Amino acid sequence: KRVTCPLGRLIAAPGQGLIGVTTSKSLGCIARRAAFKRRGREAVRAAQDQVSTRLDYVLAIGESAKDRSFDEICSQVRQMFVTMKERWANELECS
């Protein structure tokens, strides 16, 4: 299942609680993309209470992240995890 917001996309599938962060090449050179990956990982750490250990996630950060502050990134990542948790709620309870 996927959740999309202006920042990017969060994809989840049944798994072991692994989290991957990827960036779009449109963000720029490798150093800039690495910086956005670090910001994305920190935003995921801030939203750790919303992460299910029964799902694997991939956070894909898009070009619009260039114009966002770290606080905006954190709030959007948290919102994506909350939405994803709601979408998987019924299926995770049953299995």
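Our structure is the block above this text.
(A) Region of the structure containing the nonpolar core. Core analysis: the largest hydrophobic core is formed by 24 residues, its most contacted members being Leu7, Tyr57, Leu59, Val77, Met80 and Phe81. Those elements that place two or more of their residues in this core are strand S2 (8-14), helix H1 (30-46), strand S4 (55-61) and helix H2 (70-94). With seven residues, H2 is the single largest residue contributor to this core. Setting aside residues no more than four positions away along its own chain, Val77 makes contact with Leu7, Ala43, Val44 and Leu59.

(B) Just the sheet that holds strand S3 (residues 19-23), in detail. Pairing within the open sheet is mixed, and its four strands lie in the order S1-S2-S4-S3. Each edge of the open sheet carries a strand with a single partner, namely strand S1 (2-4) and S3. Within the sheet, the average angular offset between the axes of one strand and its neighbour, ignoring direction, is 15°. Direction of pairing for S1 relative to S2: antiparallel, over a ladder of three bridges. From the neighbouring strand, Thr4 faces S2, where its bridge partner is Arg9.

(C) How the structure looks around the environment of Tyr57. Among the structural elements, Tyr57 can be located in strand S4. According to the relative accessible area criterion, Tyr57 is buried, its value standing at 3%. Separated by 49 residues in sequence, Tyr57 and Gly8 have C-alpha atoms that sit 13 Å apart. If we skip the residues at most four places from it in the chain, Tyr57 touches Leu10, Ile11, Ala12, Leu18, Ile19, Gly20, Gln50, Val51, Ser52, Phe81 and Met84.

(D) Examining the environment of Ala34 more closely. By the element assignment, Ala34 lies in helix H1. Separated by twelve residues in the primary sequence, Ala34 and Thr22 place their C-alpha atoms 9.1 Å from one another.

(E) Layout of the side chain of Ser52. Mapped onto the elements, Ser52 comes out in the loop between H1 and S4. You can call Ser52 buried: its relative accessible area is 14%.

(F) The arrangement of the packing of aromatic side chains in detail. For the structure shown, the criterion picks out one aromatic pair. Here Tyr57 and Phe81 contribute two aromatic rings whose centre-to-centre distance is 4.9 Å and whose plane-to-plane angle is 70°, an arrangement assigned as edge-to-face. With Tyr57 in strand S4 and Phe81 in helix H2, the pair connects residues that are 24 residues apart, well separated along the chain. Judged on exposure class, the residue Tyr57 and its partner Phe81 are both buried. Positioned above the aromatic ring of Trp88, the side-chain terminus of Lys1 is 5.0 Å from the ring centre.

What counts, and at which threshold
Each chain carries its own residue numbering, running from 1 in the written order of its sequence. In keeping with the model being predicted, local features are shown solely for residues with a pLDDT of at least 70 and side-chain atom pairs are shown and tallied solely at 80 or more, while totals for entire chains, interfaces and linings include all residues. Side-chain numbers come from the whole structure's heavy atoms, not from hydrogens or water. Here, nonpolar core refers to any group of buried Ala, Val, Leu, Ile, Met, Phe, Trp, Tyr and Cys residues whose side-chain atoms link them within 4.5 Å. Three labels apply to residues, based on accessible area from a 1.4 Å probe with only protein chains included: buried if under 20% of the type maximum, exposed if over 50%, partly exposed otherwise in between. Each helix is a run of H or I in the DSSP string that is no shorter than four residues. Each strand is a run of E no shorter than two, and both are numbered from the N terminus. A contact between two residues is defined here by any heavy atoms of the two lying within 4.5 Å. Should DSSP find at least two bridges between two strands, the strands are taken to pair. Orientation is described by lines fitted to C-alpha atoms, with helices fitted over the stretch in contact, and by angles between N-to-C directions that extend from 0 to 180 degrees. Only rings of Phe, Tyr and Trp enter the pairing, Trp through its six-membered ring, and a pair is recorded when the two centres are within 6.5 Å. The plane angle decides the type: under 30 degrees is stacked, over 60 is edge-to-face, the rest tilted. A ring has a charge above it when a Lys NZ or an Arg CZ is no more than 6 Å from the ring centre and no more than 35 degrees off the ring normal.

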